[in-house]
Amino acid sequence: MIFCARLWYVGACIIVDSNACVGFQRQLFQFLWHRSTELIRRLTLIRPAIEGGLGIFHLETRFAAMRCLHIKQLICNYGAAKWHAFAEYWVGLSLRHWKPEFLCNARPHSFDRPTFYDVTLADFRRLSQRQPGL
């Protein structure tokens, strides 16, 4: 969805309030239904375009998935980004089960985490339980 594309980056970098997500989605559906004589079911609107839908995402789930991608990139070492050292400092001990190298005492670790990483780790744990291969 083109009008949601600007939200993806913001939603991956900061914690968006749940009320804001619900409000935005409510406004989105009201906009789509505004001039329609018949309401189109939400189930139809969320389907991919190839199936006749508009491909609308559930924002909170999409943001959680994007934050989980942040953790996956840290675990799998995609690229040598500068943020890896900071992220490993904040969440390395919490991810030691997925990547044993994070348990090394030669690397600094923090016991306190920023709220972003608390929410991101909670999302990662919740979503990784649904995907046994993760």
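Scroll up to find the structure.
Note that the structure is a prediction, hence the values are computed from the model and not measured. The written sequence of each chain sets the order in which its residues are numbered from 1. Selection of residues for local features in this predicted model requires a pLDDT of at least 70, selection of side-chain atom pairs for listing and counting requires 80 or more, and totals for whole chains, interfaces and linings are taken over all residues. Just so you know, side-chain values use all the structure's heavy atoms and leave hydrogens and water out.

Let's shift gears to the nonpolar core. Nonpolar core, defined: a set of buried Ala, Val, Leu, Ile, Met, Phe, Trp, Tyr and Cys residues in which side-chain atoms within 4.5 Å join the residues together. A simple rule labels every residue: compare its accessible area, found with a 1.4 Å probe on the protein chains alone, to the largest value its type can have, and call it buried under 20%, exposed over 50%, or partly exposed in between. Of all hydrophobic cores here, the largest spans 14 residues; its most connected members are I71, L74, V91, L95 and F124. Sorting the residues of this core by element identifies α4 (59–76), α5 (83–91) and α6 (115–130) as the ones contributing at least two each. In this view, L95 contacts I71, L74, I75, F102, L121 and F124; residues no more than four positions away in its chain are not counted. Core analysis: the second largest hydrophobic core is formed by five residues, L28, F29, W33 and L45 among them. Secondary structure elements follow DSSP: runs of H or I no shorter than four residues count as helices, runs of E no shorter than two count as strands, and numbering proceeds from the N terminus. Any two residues whose heavy atoms approach within 4.5 Å at even a single point are treated as in contact.

Let's shift gears to the packing of aromatic side chains. For this analysis, a ring pair means two rings from Phe, Tyr or Trp (six-membered ring only for Trp) whose centres lie within 6.5 Å, classed as stacked if their planes differ by under 30 degrees, edge-to-face if by over 60, and tilted for the remaining angles. Tallied over the full model, the rule gives three aromatic pairs. Plain terms: the ring middles of Y89 and W90 are 5.1 Å apart, the flat faces sit at 70° to each other, and that makes the pair edge-to-face. A ring pair is formed by W98 and F124, whose centres lie 4.9 Å apart and whose planes are at 70°; its orientation type is edge-to-face. Taken as a pair, W98 in the loop between α5 and α6 and F124 in helix α6 lie far apart in primary sequence, 26 residues in all. The exposure class of W98 is partly exposed, given its relative accessible area of 32%.

By salt bridge we mean one thing: a side-chain nitrogen of Lys or Arg within 4 Å of a carboxyl oxygen of Asp or Glu. Taken as a whole and judged by the stated rule, the model has four salt bridges. D123 is the partner of R67 in a salt bridge, and the nearest nitrogen-oxygen pair spans 2.6 Å. Placement of R67 in helix α4 and of D123 in helix α6 is noted, with a sequence separation of 56 residues between them. In this structure R67 comes out as buried when scored by relative accessible area, which is 7%.

It is worth stressing that arrangement in space is one thing and function is another; only the former is reported here.
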